[in-house]
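# A closer look at the structure
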Amino acid sequence: MPGIDKLPIEETLEDSPQTRSLLGVFEEDATAISNYMNQLYQAMRRIYDAQNELSAATHLTSKLLKEYEKQHFPLGGDDEVMSSTLQQFSKVIDELSSCHAVLSTQLADAMMFPITQFKERDLKEILTLKEVFQIASNDHDTAINRYSRLSKKRENDKAKYEVTEDVYTSRKKQHQTMMHYFCALNTLQYKKKIALLEPLLGYMQAQISFFKMGSENLNEQLEEFLTNIGTSVQNVRREMDSDVENMQQTIEDLEVASDPLYVPDPDPTKFPVNRNLTRKAGYLNARNKTGLVSSTWDRQFYFTQGGNLMSQARGDVAGGLAMDIDNCSVMAVDCEDRRYCFQITSFDGKKSSILQAESKKDHEEWICTINNISKQIYLSENPEETAARVNQSALEAVTPSPSFQQRHESLRPAGQSRPSTARTSSSGSLGSESTNLAALSLDSLVAPDTPIQFDIISPVCEDQPGQGKASGQGGRRTNPFGESGGSRKSETEESILHQLFIVRFLGSMEVKSDDSPDVVYETMRQILAARAIHNIFRMTESHLLVTCDCLKLIDPQTQVTRLTFPLPSVVLYATHQENKRLFGFVLRTSGGRSESHLSSVCYIFESNNEGEKICDSVGLAKQIALHAELDRRASEKQKEIERVKEKQQKELSKQKQIEKDLEEQSRLIAASSRPNQASSEGQFVVLSSSQSEESDLGEEGKKRESEA
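Calculation rules
Sequence order sets the numbering: in each chain, residues are counted from 1 along the sequence as written. With the structure being a predicted model, the display of local features is reserved for residues of pLDDT at least 70 and the display and counting of side-chain atom pairs for 80 or more, all residues being used for whole-chain, interface and lining totals. Calculation of side-chain values draws on the structure's entire complement of heavy atoms; hydrogens and water are dropped beforehand. Stacked, tilted and edge-to-face are the three classes assigned to paired rings of Phe, Tyr and Trp, where Trp is represented by its six-membered ring and a pair needs centres within 6.5 Å; plane angles under 30 degrees give stacked, over 60 edge-to-face, the rest tilted. Note on conventions: DSSP H or I runs of at least 4 residues are helices, E runs of at least 2 residues are strands, and numbering of each starts at the N terminus. Whether a residue is buried, partly exposed or exposed follows from its accessible area with a 1.4 Å probe, protein chains only, as a fraction of its type maximum: under 20%, in between, or over 50%, in that order. For a ring to carry a charge above it, either NZ of a lysine or CZ of an arginine must fall within 6 Å of the ring centroid while also lying within 35 degrees of the normal to the ring plane. When a carboxyl oxygen of Asp or Glu lies within 4 Å of a side-chain nitrogen of Lys or Arg, that pair is called a salt bridge. DSSP calls a pair of strands paired once it identifies at least 2 bridges connecting them. The span you would expect from a helix comes to 1.5 Å times its residue count less one. What makes a nonpolar core is a set of buried Ala, Val, Leu, Ile, Met, Phe, Trp, Tyr and Cys residues whose side-chain atoms join them at distances within 4.5 Å. Contact criterion: two residues are considered in contact whenever any of their non-hydrogen atoms come within 4.5 Å of each other. Here the bend at a residue means the angle between the axes of two seven-residue stretches, the one that ends at it and the one that starts at it. Between the N-to-C directions of two axes lies an angle of 0 to 180 degrees, each axis being a line fitted to C-alpha atoms and, for a helix, fitted only over the stretch in contact. Confidence of the predictor at the level of single residues is given by pLDDT, which spans 0 to 100.

## Quick word on the packing of aromatic side chains
- Counted according to the given criterion, the structure contains 13 aromatic pairs.
- Look at Phe 585 and Tyr 603: their rings are 5.7 Å apart centre to centre, the planes differ by 25°, and that puts the pair in the stacked class. Remark: Tyr 603 occurs in strand E14 (residues 598–607) and Phe 585 occurs in strand E13 (residues 582–590); sequence separation between them is 18 residues. Each member of the pair, Phe 585 as well as Tyr 603, carries the same accessibility label: buried.
- Three or more aromatic residues link up through ring pairs in this structure, and these residues are Phe 505, Phe 565, Phe 583, Phe 585, Tyr 603 and Phe 605.
- A cation over a ring is seen here: Lys 119 above Tyr 41, with NZ or CZ 5.2 Å from the ring centre.
- Here Arg 299 stacks its cationic end above the ring of Tyr 283, 4.3 Å away from the centre of that ring.

Here is the structure:
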């Protein structure tokens, strides 16, 4: 028979959430087995009770045996040999469904007795042990809660002794009950096979003995099959007895070895504190505030994973992120009426958690472990040796401060020294390291001896290369959501597209070419390799605002624009082929390493799985800008045509006006040059219109002749 799935008895004392989760799977399997065996028992009971319905009952039994391979047991069901064996039994029983009723006594002894014992003894034993284990677990949780609430200020030796004895008794009871419960569940995996095969074997043997006259139907092949099944059952029983004996021996050994661990606060002389850990797991009480002054304490399983502190409730399959403990601060604190408390504060000071350990040993080990992880010792090749070298600083962190003022004073030097160290290790250009990085670069893509900039220089302090004075105006606050901050609208408010992303700057360097995405991929590889070589892990987080005019890096705290990239200068952008969190773009600027020609600088960022979205937004912005430029040019051309037409119209109108003026002047000159005829009485001579016109024509003709 193949291997049997088993519950690990060795992990019962730890009682981890993974063990509880695996226990739940075995309990579901036991429930499924119980349901299936009840159905099989009812089918065989019909065979025993009703001889007239023998044919129908055997048919139902055959049907149930056929459906065994379709049963969805939580542990995956049995192997193919078991399924094929039951299928063979199903065929034989189906053939015998038309035979006469068997002797009831033979059926009672050979068929009903084994399955009844399994149902009434084994399955009930599992249910009883489950109830006893649940009671023991609840008693242990109650004792632990009472122990955790022991007063630190009001020490009471009698109360402490009673609570400690209660924890010892309840933990020992839970451990013993849990081990026996695990043993019973493991044994059930064997017994279910026996409970399935033995009744069937007895039924077939009863049929053979009863139908002597029909022995021609029971050929030698069937007898050989039954013999093999009987041998297999005996083998399973021997394997079960051997495994049960081994588990019983393991239980006895663990009981002897685990006796000192039943005490919640073991003797530190026998169990010394290990201050060089970079990984730890165990139960802690977490403080949760429910009001201004009230709070509750929840007991959960905590474990470290890389630079993260994970928490996991009992019965959960996997844990969740509780806090990022990279570059965090940890210290022992005096917390109300609880002992062994410590506080973890994130690197930016925005999040903090107060946890309570079970013993002084766990208390110091948790503080030392988190302190080692905070210093990123787990990233080194030999974390244990590295942690041993910084053991002295870890010891300082576990000394509790008597008051908040002293705690504040003790934290001040660490809080001032840590940012300067991080800033020194992550900012600036590595010009002296360019020789080592040149070996990693491809000369066809990246210029040799190219320095890498790992941090963003604030525009308030320095001008950015290639940005000119445009980035110098970054001191003005920029609203990334398009809301007007004054009477004058900013240039971003007039843009059609506004996309805001959270990014972290990895680095930038000058590149030779900007016509292929391979430039971005190679720059990503070099910057990531350089960060790994020089142990640079800190990154500057910014908000990337994508508009139709430019790309802006905005400080998330102050909303000050750190860098501005004109959109026409962004000539290439791409995301990593495998890691979609990485993306970069190439900016073509004037100046750089040589002021006489254009230079290209590649900027690399990390996002929250939004690299493709950012590249799509940049592409959309460039398309919108292109269409806007084409529309602007078409509008300017149309305006130019209208200006030309308007100018021609003005010239034509002016020409007509000049001709009209000349005609009017000629008429006035002709009228003034003719002598006026007046009478002595002061009356004037009135000329007719025809005479006037003739005179005007004559005057014009004379004038033209004189001019000629």
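## Things to note about the pattern of salt bridges
- Evaluated as defined, the whole model comprises 30 salt bridges.
- With a closest N to O distance of 2.8 Å, Glu 198 and Arg 237 form a salt bridge. Of this pair, Glu 198 sits in helix H5 (residues 157–210) while Arg 237 is found in helix H6 (residues 220–258), placing the two residues 39 residues apart along the sequence.
- Within this structure, Asp 15, Arg 20, Asp 141 and Arg 314 form a network of salt bridges that share partners.

## So, the pairing of strand E10 (residues 550–554)
- Summarising burial for E10: five of the five residues are buried, a large majority.
- The pairing of strand E9 (residues 540–546) with E10 spans four bridges and is classified as antiparallel. Its bridge partner being in E10, Val 546 is matched across the sheet by Leu 551.
- In this structure, E10 lies alongside strand E11 (residues 561–566), joined through five bridges in antiparallel fashion. For Lys 552, the partnering residue across the bridge sits in E11 and is Thr 564.
- Once E10 ends, the chain turns through six residues before running back antiparallel as E11, passing Gln 559 with a positive phi of about 60°.

## What about helix H13 (residues 611–673)?
- Between its terminal C-alpha atoms H13 stretches 92 Å, which fits the 93 Å expected from 63 residues at 1.5 Å a residue.
- Listed in full, the buried residues belonging to H13 are Gly 611, Ile 614, Cys 615, Ser 617, Val 618, Gly 619, Ala 621 and Ala 670.

## Some remarks on the nonpolar core
- One finds Met 37, Phe 89, Leu 185 and Met 204 to be the most contacted residues of the largest nonpolar core, which totals 57 residues.
- Among the secondary structure elements, those contributing two or more residues to this core are helix H1 (17–49), helix H2 (54–66), helix H3 (80–95), helix H4 (104–148), H5 and H6.
- Other than its neighbours up to four places away in sequence, Leu 185 contacts Leu 7, Leu 23, Phe 26, Ala 30 and Ile 126.
- Formed by 24 residues, the second largest nonpolar core is a distinct cluster that contains Phe 505, Leu 553, Phe 565 and Phe 583.

## A look at H5
- For H5, spanning 54 residues, the distance from its first C-alpha to its last is 76 Å, which sits close to the expected 80 Å at 1.5 Å a residue.
- At Gln 189, H5 shows its maximal kink, close to 35°.

## A closer look at unusual backbone geometry
- A positive phi is found at Tyr 340, a non-glycine position, where the angle reads about 55°.
- Tracing the backbone shows Tyr 340 in strand E6 (residues 338–345).
- Of note in the backbone geometry, Gln 559 takes a positive phi value of approximately 60° without being a glycine.
- By secondary structure assignment, the location of Gln 559 is in the loop between E10 and E11.

## Considering the sheet that holds strand E3 (residues 308–312)
- Ordered by their spatial adjacency, seven strands build an open sheet running E4-E3-E2-E1-E7-E6-E5, and the pairing between neighbours is antiparallel. A single partner strand is all that each edge strand has here, and the edge strands are strand E4 (320–324) and strand E5 (329–335). Ignoring strand direction, the axes of neighbouring strands in this sheet form an average angle of 40°.
- In the sheet, E6 pairs with strand E7 (residues 352–356) via five bridges, with the strands oriented antiparallel. Pairing of Thr 345 across the sheet is with Ser 352, part of E7.
- On top of the sheet, helix H7 (residues 360–374) reaches strand E1 (281–289), strand E2 (295–305), E3, E5 and E6; it is set at about 5° to E6, its chief contact.

## Observations concerning the confidence of the model for the chain
- Summary statistics for the chain give a mean pLDDT of 76 and a share of 76% for residues scoring 70 or more.
- Of the regions scoring below 50 in pLDDT, residues 393–441 engages in 68 contacts with residues more than four places distant in sequence or in other chains.
- Below pLDDT 50 for its whole length, residues 459–493 participates in 49 contacts with residues either more than four positions away or in separate chains.

## Details of the environment of Met 179
- Secondary-structure assignment places Met 179 in helix H5.
- The buried category is assigned to Met 179, whose relative accessible area is 0%.
- Along the backbone, Met 179 and Glu 255 are 76 residues apart, and their C-alpha atoms lie at a distance of 9.6 Å.
- In contact with Met 179, not counting residues within four places along its chain, are Ile 9, Thr 12, Ile 251, Leu 254 and Glu 255.

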